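# Commentary on secondary and tertiary structure
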Amino acid sequence: MIRLNIGNKIAELRKAKGMTQEQLGRQLGVSAAAVSKWETAASYPDIMLLCPLARALGTSTDTLLEYEENLSREKVAEYVGRIVKMKQELGPKAAEQELEQILCRYPNCTELQFHAVALFTTFGLSNEQGTEEDRRRWEQRKKELLTKICESKDTNYLRPATAAMAAMELQDGRLDEAERLLRELPDIPEDTTALWVQLYLKRGKTEDALELLQKRLWTLLCQARAYLTMMIEKIPFEWSETLEICDCYRKLDGVIHDGTGTSDLILAAVYGRGGKEQEAEDCLKAYLESPASPWTDPNPLLFSRILTRINRDPVSEKEQKETMLRCIMADENLAKLCEKKEMEELLQRWIGKQMIS
């Protein structure tokens, strides 16, 4: 059962006004002892005193009774923790009753509603799962809350609520409705890929599901490689840590295997910055002595459905090669290595190979 913390609020507001319990009691026609009982929750003010009490404390009755349209994130977390604890100690039905009272008290708090959906899910997953009627009721409440969140147009929760609704429709086999909801979502793959895959599989479109997964996997791996590059170039790790990240980059590059061969080039730059000239020269040589055509297919087991759409644009290929050349010539340490006669000749041969390929 929800208990008002009106006593704490009275004490807080009274002290903020610089009033003693006796002074507040005098304004309201009650004793200081009565005010003390209110503040210690031994009793509550008479309902007829609420408006005068609010005026005396310079506030509204809503604030005095802690009625709020929306709760703070901390308060929502406090309520959620209370429900979780109650479920563990008293079971899901008691927790459900408490949750419904809180939802009734704060009918417009979208964040509370969103967390309530997750709580109703946990009720069905507890050891004491309840009856079939209980589970149906919890599922129905989840849909009602998600619908309300979507109708609120709260940008913080509209997308995840719509995705959750789509997931429920998929679970219930309402594929057309699930697809309609998915199409309402922005084209943000990380939010919807798994749901689209489930939809394709339920409709027997295995090839479409595989293609979507391969496309998303390729995008994520390329992003991961780019982020590793930024970590190597921008973050001042310890030397051993930097080398370990370079090794991770090389392994990831091997999975993608698009033939750009940048692992040796990046490692050459790292060794150059670390003052390890010989190691830098060895890595740069390995890069420059790579095969004439750097473009090869990635792992067909992982990317068979999208091979024809990966790195096949001649303009992009030319730009990639030019970018690699600029990287070599722009890096201060690598540029010094390239001044050596042997390296200069190798670089000229490499440039020739790239212009031919």
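Right, let's walk through the structure included here. (Residues numbered from 1 in each chain as written. Predicted model: local features only at pLDDT ≥ 70, side-chain atom pairs only at ≥ 80, totals over all residues. Heavy atoms only, no water.)

For side chains bearing opposite charge, pairing can occur when the charged atoms are close. Following the criterion strictly, the structure yields 31 salt bridges and no others. Salt-bridge contacts for arginine 26 lead to glutamate 22; the nearest nitrogen and oxygen are separated by 3.4 Å. Taken as a pair, arginine 26 and glutamate 22 lie in helix H2 (residues 21–28) at a separation of four residues, close to a single helical turn. Across the pair, exposure class does not vary: arginine 26 and glutamate 22 are exposed alike. Salt bridges linked by common partners bring Glu277, Glu281, Lys285, Lys340 and Glu342 together as one network. (Salt bridge = Lys/Arg side-chain N within 4 Å of Asp/Glu carboxyl O. Helix = DSSP H or I, 4+ residues; strand = E, 2+ residues; numbered from the N terminus. Buried < 20%, exposed > 50% of the residue type's maximum accessible area, 1.4 Å probe, protein only.)

Glancing now at the packing of helix H9 (residues 132–152) against helix H10 (residues 158–171). Here H9 crosses H10 at 145°, and the two axes come no closer than 9 Å. Regarding H9 and H10, the two cross each other, and that crossing is left-handed. Facing H9, whose interface residues are Glu139, Lys142, Lys143, Leu146, Thr147, Ile149 and Cys150, H10 presents Leu158, Ala161, Thr162, Ala164, Met165, Met168 and Gln171. In terms of residue class, the contact of H9 with H10 is made up of eight nonpolar, three polar and three charged. (Axes fitted to C-alpha atoms, helices over the stretch in contact; angles between N-to-C directions. Left-handed = near helix turned anticlockwise from the far one by under 90°. Contact = heavy atoms within 4.5 Å. Nonpolar A, V, L, I, M, F, W, Y, C, P; charged D, E, K, R; others polar.)

Mapped onto the fold, serine 60 is located in the loop between helix H4 (50–56) and helix H5 (61–64). Judged by relative accessible area, which is 33%, serine 60 ranks as partly exposed. Sequence separation between serine 60 and leucine 50 is 10 residues; the distance between their C-alpha atoms is 9.2 Å.

The values are spatial; any link to function lies outside them.
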